[in-house]
Every structure is written in structure tokens, then in C-alpha cells.
Amino acid sequence: KWVFFSTSEQVGNKYFMSTGKKLSFYRAKAVCSQFQASVATPRNAEENKAVQKVARDIAYLGLTDERTENRFLDLTGRSVQYTNWNGGEPNNADNGEDCVVLLTNGKWNDVPCSDSFLVVCEF
Ligand code: GN1
Ligand code: CA
Ligand code: CA
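Since the structure is predicted, the reported quantities are computational estimates derived from the model, not experimental observations. (Residues numbered from 1 in each chain as written. Chains lettered and ligands numbered in written order. Predicted model: local features only at pLDDT ≥ 70, side-chain atom pairs only at ≥ 80, totals over all residues. Heavy atoms only, no water.)

Colleague: For this particular structure, what's the right way to read the coordination of the calcium ion (ligand 3)?
Modeller: The calcium ion (ligand 3) binds to the protein through Glu 89 (OE), Asn 91 (OD1), Glu 97 (OE), Asn 109 (OD1), Asp 110 (O) and Asp 110 (OD), with metal-donor distances spanning 2.2 to 2.6 Å. When the donors of the calcium ion (ligand 3) are listed by position in the chain, the intervening gaps give E-x1-N-x5-E-x11-N-D. Pair noted here: Glu 89 is in the loop between strand E5 (73-74) and strand E6 (99-102) and Asp 110 is in strand E7 (residues 108-111), with a separation of 21 residues, a long-range link. (Donors = N, O, S within 2.8 Å, 3.2 Å for Na, K, Ca; no water. Helix = DSSP H or I, 4+ residues; strand = E, 2+ residues; numbered from the N terminus.)

Colleague: I'm lost on the pattern of salt bridges in this one. Help?
Modeller: Any two side chains of opposite charge can pair, given that their charged atoms come close. Here the structure, examined in full by the defined rule, presents four salt bridges. Between Lys 14 and Glu 47 there is a salt bridge whose closest N-O contact spans 2.9 Å. Here Lys 14, found in strand E2 (residues 14-23), pairs with Glu 47, found in helix H2 (residues 45-54); they are 33 residues apart in sequence, far enough to count as distant. Under the relative-accessibility criterion, Lys 14 is labelled buried at 14%. Between Arg 43 and Asp 74 there is a salt bridge; the shortest N-O distance is 3.1 Å. A residue pair is termed long-range when its members are at least 10 positions apart, and Arg 43 in the loop between strand E3 (38-39) and H2 and Asp 74 in strand E5 qualify at 31 residues. Residue Arg 43 is classed as partly exposed on the basis of its relative accessible area, which comes to 39%. Using a relative accessible area of 7% as the deciding quantity, one classes Asp 74 as buried. Within the structure, one salt-bridge network assembled from shared partners comprises Lys 14, Glu 47 and Glu 122. (Salt bridge = Lys/Arg side-chain N within 4 Å of Asp/Glu carboxyl O. Buried < 20%, exposed > 50% of the residue type's maximum accessible area, 1.4 Å probe, protein only.)

Colleague: Would you explain the site of ligand 1 in this entry?
Modeller: Around ligand 1 sit Glu 89, Asn 91, Glu 97, Asn 109, Asp 110, Val 111, Pro 112 and Asp 115, and that is every residue in its neighbourhood. A distance of 2.8 Å separates an oxygen atom of ligand 1 from a polar atom in the side chain of Asn 91. A total of 450 Å² of accessible area belongs to ligand 1 in isolation, and the protein chains cover 44% of it. (Near = heavy atom within 4 Å. Polar contact = N/O pair within 3.5 Å; in protein donor to acceptor, adjacent residues only side chain to side chain. Areas by Shrake-Rupley, 256 points an atom, 1.4 Å probe, with all protein chains shown as cover.)

Set out below in C-alpha cells:
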């Protein structure tokens, strides 16, 4: 199945690209893996800005606290240094928010992993 990546942003040797499609987190991971890429995980403000530019809507980031509540790990299982939570987040609303999205203002919010959001991969 063909997947087209439209916009891209480069920071150092990292490229962020979006397919423009909205998927659950599970499917977002699968799409990025298919290209030996991973779901975008900004490590600093510059990378966060780059993902914000690529994402024309609310987009998944490659972080979850599904293993231990309120301990957000990247997809390799490491804890992260850089975070950019929106005010009041993460709040694990309805006891069921273990995935993370980048809002259009660049801030982060935890959301249910089953909800569909834009896929941004990092290469
Ligand atoms: C949204 O719709 P509401 O208010 O129950 C959001 C939460 C945020 C909250 C902030 C699926 O929840 O993650 O913490 O707003 N839910 C979704 O007020 O985006
Ligand atoms: Ca959670
Ligand atoms: Ca939330």
C-alpha cells in the first residue's frame, strides 16, 4: 500500500514528515515502522517547532505512559528530558489518556490512544 509523505522539516540529521492522515496511535506506529521510521518525538524546542510546522492539525508524538501512569517513555522505553505540556496536562482525563499529542499551539496534551490524530514520522 502506498503512503505519500508531503511536507517535511529537517533539524540536524532528523527529518519530520507527515502523511496528512489521521490514525489511532497503534496504526500511527505501524505506518512509521513500515518506513524504518518512528512516531515524531521532539527532544528539544527546535524539534518541537519543526513538528508543529509539519503538522497542520493535532498530531501524535511517540510517547506513552501506558506502562506506568504519569511516567511518559519514548518508544524505545526511555524516559524523556524535554517535555512541553499544556497548562493542566497531563491529566489522564477519564482515567484513560496514555498517548500524547502536539496541539496546534505547540503544547502537549495526553489523549486516549484509540483516538485518531495526524501521523508525523521522524526519519
Ligand atoms: C479534552 O473534552 P474534554 O474536556 O473532556 C481532552 C483532554 C484534555 C482536556 C483539557 C480527547 O477533554 O485530553 O486534557 O480537554 N480530550 C481529548 O481541558 O482531546
Ligand atoms: Ca495516562
Ligand atoms: Ca489530557
